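The primary structure of each chain is shown beneath.
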Amino acid sequence: MTTIYNFSAGPAVLPKEVLRQAASEMLDWQGSGMSVMEMSHRGPEFISIYRTAERDLRELLGVPDNYRILFMQGGGLSQNAVIPLNLVGRVQSNGQPATIDFVRTGSWSGKSIKEAARYANVNVAASAEANGYTAVPPQSAWQLTPGAAYLHLCTNETIDGVEIDFVPEVPGDVPIVADMSSHILSRAVDVSKYGLIFGGAQKNIGPAGVTVVIVRDDLIGHALPICPSAFDFKNVAENESMYNTPPTYGIYIAGLVFRWLKEQGGIAAMERKNIEKARLLYAALDADDFYQNRVAPAYRSRMNVPFYLRDESKNEAFLAGAKARGLLQLKGHKSVGGMRASIYNAMPIEGVQALVDYLNEFAER
Ligand SMILES: *Cc1c(COP(=O)(O)O)cnc(C)c1O
């Protein structure tokens, strides 16, 4: 049987070991006689699953004690509203609408801007639109607002394949909010440099339905009166993410992924593998002018690699041939076309090598 490698951008590949363990525990979690799906979120079994997951994530990312980890629902997109609803109130005491700074680096930051404009003044401090979202505008050109409620960045643009690998300077104590949906846990990050980090789980953490929010204590407790109570960080934090029923099964799988990451050697080991995988794939794309990745090398994402065939009439043949070789879900996002290979933590280097072999063979043919 052909080995299958799944390059989906999300929901995406999960570690086989995790899926096998979940399968073996599906009907009876550790002698409890229940599936995790059937357990009360307030019972001792699930509470232990939850606390272990929280502790392991904290350890993996080195989350300082003055940050809370929340497991929410609603996906990454809902956070585009939930975050302003929770954060703008902190700087809005004089009745003036708050300003949120954004750097527009691609599709996802674009969506965040649009949503936030419903709750605050939005300042696009810099935009990569002019370069076709192929590079992050130089920091010296960012027009940041002193006293802004926060600066929002999408540190890995999943569709455009642009990754921000630095922490910018901000005026005063303006917190940085980072949408890390598609590269969280793929590289070391100094959490203390951010006010809030968030991500939908379905790229690099676990199944769709869980949204991880890591937020500094002092940013909690400022929700606007119109913020839905189930999305008020204060309610979520004070109730260990159980103000209402959390996505229990997703949290359980995320917990298995966290343990798997620890067994792999943690984030540092994962980052080394991710660097190697990305280098292998970009080298193959650059070596043959049959293929093209348009992102400036300094900003190329290690996780999401969009590319084009120079002769786009061969797209269908390329995808059909890939599928026949067990290389799945390589079609690019509909808004940009072409191809995209997402090579998250759970993609082994063998999968990237199989793709590289196919790229070379297809180009020769
Ligand atoms: C996938 C993604 C989102 C949206 O996530 P949903 O869970 O579909 O709402 C937001 N930001 C980034 C960077 C993403 O990759």
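Source: prediction; values computed, not measured.

Criteria and cut-off values
Residues numbered from 1 in each chain as written. Predicted model: local features only at pLDDT ≥ 70, side-chain atom pairs only at ≥ 80, totals over all residues. Heavy atoms only, no water. Pairing = 2+ DSSP bridges. Helix = DSSP H or I, 4+ residues; strand = E, 2+ residues; numbered from the N terminus. Right-handed = clockwise from strand over helix to strand, strands pointing away. UniProt positions renumbered as here; feature names shortened; annotations may be inferred. Contact = heavy atoms within 4.5 Å. Axes fitted to C-alpha atoms, helices over the stretch in contact; angles between N-to-C directions. Buried < 20%, exposed > 50% of the residue type's maximum accessible area, 1.4 Å probe, protein only. Parallel < 35°, antiparallel > 145°, perpendicular 65-115°, else oblique. Left-handed = near helix turned anticlockwise from the far one by under 90°. Nonpolar A, V, L, I, M, F, W, Y, C, P; charged D, E, K, R; others polar. Salt bridge = Lys/Arg side-chain N within 4 Å of Asp/Glu carboxyl O. Domains from an automatic or database assignment. Buried area = accessible area lost by both parts, 1.4 Å probe. Polar contact = N/O pair within 3.5 Å; in protein donor to acceptor, adjacent residues only side chain to side chain.

## Let's talk about the pairing of strand β4 (residues 121–127)
(1) Moving on: Sheet analysis places strand β3 (residues 99–104) next to β4, joined by six bridges and oriented parallel. Paired with R104 across the strands is S127, a residue of β4.
(2) Moving on: In this fold, the crossover linking β3 to β4 by way of helix α4 (residues 107–116) has right-handed handedness.

## Details of the UniProt feature "binding site: pyridoxal 5'-phosphate" (unreviewed entry) in the protein
(1) Moving on: The feature "binding site: pyridoxal 5'-phosphate" (unreviewed entry), as given by UniProt, occupies W108, T158, D179, Q202, N244 and T245 in the numbering adopted here. Separation in sequence by 138 residues is matched in space for these annotated residues, since their most distant C-alpha atoms are 29.9 Å apart.
(2) Moving on: Within the fold, W108 resides in helix α4.
(3) Moving on: Beyond its immediate stretch of four places on either side in the chain, W108 contacts L77, C154, E157, T158, I159 and D179.
(4) Moving on: Contact partners of Q202, with chain neighbours within four places excluded, come to G10, P11, A12, P207 and A208.

## Let's talk about the sheet that holds strand β10 (residues 211–216)
(1) Moving on: Strand order in this open sheet of seven strands is β2-β10-β9-β8-β5-β3-β4, and the pairing throughout is mixed. The outermost strands of the open sheet, each flanked by one partner alone, are β2 (67–72) and β4. Taking each pair of neighbouring strands and ignoring which way they run, the sheet shows an average axis angle of 20°.
(2) Moving on: One ladder, built from six bridges, connects β2 with β10; its direction is antiparallel. Residue pairing across strands places L70 opposite V213, the latter belonging to β10.
(3) Moving on: Relative to the sheet, helix α2 (residues 44–61) contacts β2 and β10, its axis offset from that of β2 by approximately 130°.
(4) Moving on: Against the sheet, α4 touches β3, β4, β5 (150–154) and β8 (176–179), its axis set at about 160° to β3.

## Some words on the sheet that holds strand β11 (residues 291–292)
(1) Moving on: One open sheet holds the three strands; their spatial order is β11-β12-β14, and the pairing between them is antiparallel. Edge positions in the open sheet fall to β11 and β14 (339–342), since each of these has one partner strand only.
(2) Moving on: For strand β12 (residues 304–309) and β14, the ladder comprises four bridges, and the chain directions are antiparallel. Paired with V305 across the bridge in β14 is A341.

## A closer look at the pairing of β12
(1) Moving on: Extensive coverage of β12 is indicated by the burial of six of its six residues.
(2) Moving on: On β12, burial covers both faces: N304, P306 and Y308 on one face and V305, F307 and L309 on the other are all buried.
(3) Moving on: Two elements, β11 and β12, share two bridges in a ladder whose sense is antiparallel. Note on β12: the bridge partner recorded for Y291 is L309.

## Things to note about the packing of helix α3 (residues 75–87) against α4
(1) Moving on: Interaxial distance between α3 and α4 falls to 9 Å at its minimum, and their mutual angle equals 40°. When the interaxial angle is binned, α3 and α4 end up oblique. Considering how the two elements wind past one another, α3 and α4 form a crossing that is right-handed. Between α3 and α4, the residues in contact are L77, N80, A81 and P84 and W108, K111, S112, E115 and A116, respectively.
(2) Moving on: Classifying every residue of the contact of α3 with α4 gives five nonpolar, two polar and two charged.

## Some words on the pattern of salt bridges
(1) Moving on: What the rule picks out here adds up to 15 salt bridges.
(2) Moving on: Between R216 and D218 there is a salt bridge; the shortest N-O distance is 2.6 Å.
(3) Moving on: Accessibility expressed as a relative area gives 18% for R216, which makes it buried.
(4) Moving on: Here D286 makes a salt bridge to R300, at a shortest N to O gap of 2.9 Å. Of the two residues, D286 sits in helix α7 (residues 266–287) while R300 sits in the loop between β11 and β12, which places them 14 residues apart along the sequence.

## As for the domain arrangement of the protein
How big an interface is tends to be expressed through the accessible area that disappears when the partners come together.
(1) Moving on: We note that the domain assignment places domain 1 (17–263) and domain 2 (266–364) within the protein.
(2) Moving on: Taking only C-alpha atoms, the centre of domain 1 and the centre of domain 2 are 27 Å apart.
(3) Moving on: The partner domain 2 presents 22 residues to the 23 residues of domain 1 that form the contact.
(4) Moving on: Taken over both partners, the interface formed by domain 1 and domain 2 buries close to 2,000 Å², and the fraction arising from carbon and sulfur atoms is 55%.
(5) Moving on: Broken down residue by residue, the surface that domain 1 buries against domain 2 is led by T134, I159 and E163, which jointly contribute 25%.

## Notes on the side chain of N304
(1) Moving on: Residue placement: N304 occurs in strand β12.
(2) Moving on: Residue N304 is classed as buried on the basis of its relative accessible area of 0%.
(3) Moving on: In terms of polar contacts, N304 uses its side chain to reach the side chain of Y344, at 2.9 Å.
(4) Moving on: Once residues within four sequence positions are removed from consideration, N304 is found in contact with N156, T158, G161, S182, Y282, R340, A341, S342 and Y344.

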